[in-house]
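Residue strings, one per chain:
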Amino acid sequence: MLPKEIKKGIYWIGGIDWDLRNFHGYLTQRGSTYNSYLIIDEKVTLIDNVKYHLADEMINRISQIIDPAKIDYIIQNHIEMDHTGSLPTIMEKCSNAKIIASPKGVEGLQKHFRQNWNFRIVKSGDILDLGKRKLHFVQTPMVHWPDNMVTYCPEEKMLFSNDAFGQHLASSERFDDEFPFNIMMHEAAKYYANIVLPYGRQVQKALKIVGCLEIDTICPSHGLIIRKYIPQILEKYKEWSANEVEKKALIIYDTMWKSTEKLAHSVQEAFETKNYQTRMFNLQYTHISDIMTEILTAKYICIGSPTLNNNILPTVASFLTYLKGLAPKGRIGLAFGSYGWGGQSVGIVEKELESCGFEMLEQIKLQYIPDEKILEEKIKILISQIQ
Ligand code: FEO
């Protein structure tokens, strides 16, 4: 449980959640960290907290540097419980500390914990003087909740960005240059796709502000601290927030008696003939949060379901619910599926994709085991529509 000095007098003292595998429905195969930072200055400052079950781990790390009773300020850049769960425990150790958050942050903390703590509300442009260093606050609402803000320290060129630029990744390494780059970027993409994707416009606003700051270290609240690959992560956030896509098609389906699967393979071949990268996902075997990582850069999203009880398969319904919530923009959709008699599934999928705002290709709906000739005709039409 060692703390890590990032720059002179500034420490990472967060918690490592090695066993986390599910973060509100997001499969976190590599665990996560909740990054908290301690600044030793004339005023001792803690930036963000950890999940409740890691409170002792965080306090142990702080205690190796300073008596937690000496903390003057606790900055809560965000109030979601992965960053505030340990707040009641640390407040028992430093009950006079002032808790600093945005207006929505203070409101949320008061409603959540109902404690008579000493709060200070800060807004964009406000500055907190620690002695040698000053901390500047910038509100970044909806990246990822309405209360979010980031904290910037110009003397150290450090940005404490909270959820922005995070990755769900547990490791003993603390810095991006100590860890395989591709894995870090994959986890950053998965994090963006599953957490930040609905808030592209707000991300772009935040990027504009961040672009004006001199930064050599980004300290997010999850995963690795970024000091080497800042241009790369900023570039990716620009692309993702603009919904830039690649020449890539996803074929996502579930099947009852392999007929919808047969259609899925034909759809995949259609995109292949038009030189698209393709990825096939049977919803029985791939978690919806991993499919979202691919959706982040896919132009076409093709979804297939057979009809079950006048409806779609529950796996497909679950995926569509998740997809709608994350609201990717500017994609093109295709609904397909086989049926026995009712045949409602393709229409239901199509309606759901339309409600996501997707432009739609002509649906492919075939009865029982698809007739080769009819299928060939349908695929010809599909190929003619692919741009
Ligand atoms: Fe990592 Fe929105 O909390």
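Given the structure is predicted, the values throughout are model-derived calculations rather than measurements.

A closer look at helix H12 (residues 372-385)
Alright, step 1. Here H12 contains 14 residues, and its C-alpha end-to-end distance of 20 Å stays within 8% of the 20 Å for a straight helix at 1.5 Å per residue.
Alright, step 2. Inspection of H12 places Leu375, Ile379 and Leu382 among the buried residues, and these make up the whole buried set. Projected onto a plane normal to the axis of H12, the buried residues spread over an arc of 55 degrees and lie on a single side. Away from the buried face of H12 by more than 90 degrees, exposed residues Lys373, Lys380 and Ser384 are located.
Alright, step 3. Where H12 is buried, its residues touch helix H8 (259-273), strand E20 (332-339) and strand E22 (364-367).

What about the domain arrangement of the protein?
Alright, step 1. Assigned domains within the protein: domain 1 (4-241) and domain 2 (246-385).
Alright, step 2. Using C-alpha coordinates to define each centre, domain 1 is positioned 38 Å away from domain 2.
Alright, step 3. Tallying the contact residues gives 14 residues for domain 1 and 11 residues for domain 2.
Alright, step 4. Roughly 1,100 Å² of surface becomes buried between domain 1 and domain 2 when both sides are summed, with 61% attributable to carbon and sulfur atoms.
Alright, step 5. Here Lys190 ties to Asp290 by a salt bridge, and the two come within 2.8 Å at their closest N and O atoms.
Alright, step 6. Joining domain 1 to domain 2, the criterion identifies 5 residue pairs in polar contact (both at pLDDT 80 or more).
Alright, step 7. Sorting the residues of the side of domain 1 that touches domain 2 by element identifies strand E5 (26-27) and helix H5 (181-196) as the ones contributing at least two each.
Alright, step 8. Looking at side-chain class alone, the side of domain 1 that touches domain 2 contains 9 nonpolar, 4 polar and 1 charged residues.

Calculation criteria
Residues numbered from 1 in each chain as written. Predicted model: local features only at pLDDT ≥ 70, side-chain atom pairs only at ≥ 80, totals over all residues. Heavy atoms only, no water. Helix = DSSP H or I, 4+ residues; strand = E, 2+ residues; numbered from the N terminus. Expected span 1.5 Å × (residues − 1). Buried < 20%, exposed > 50% of the residue type's maximum accessible area, 1.4 Å probe, protein only. Arc of directions from axis to C-beta. Contact = heavy atoms within 4.5 Å. Domains from an automatic or database assignment. Buried area = accessible area lost by both parts, 1.4 Å probe. Salt bridge = Lys/Arg side-chain N within 4 Å of Asp/Glu carboxyl O. Polar contact = N/O pair within 3.5 Å; in protein donor to acceptor, adjacent residues only side chain to side chain. Nonpolar A, V, L, I, M, F, W, Y, C, P; charged D, E, K, R; others polar.

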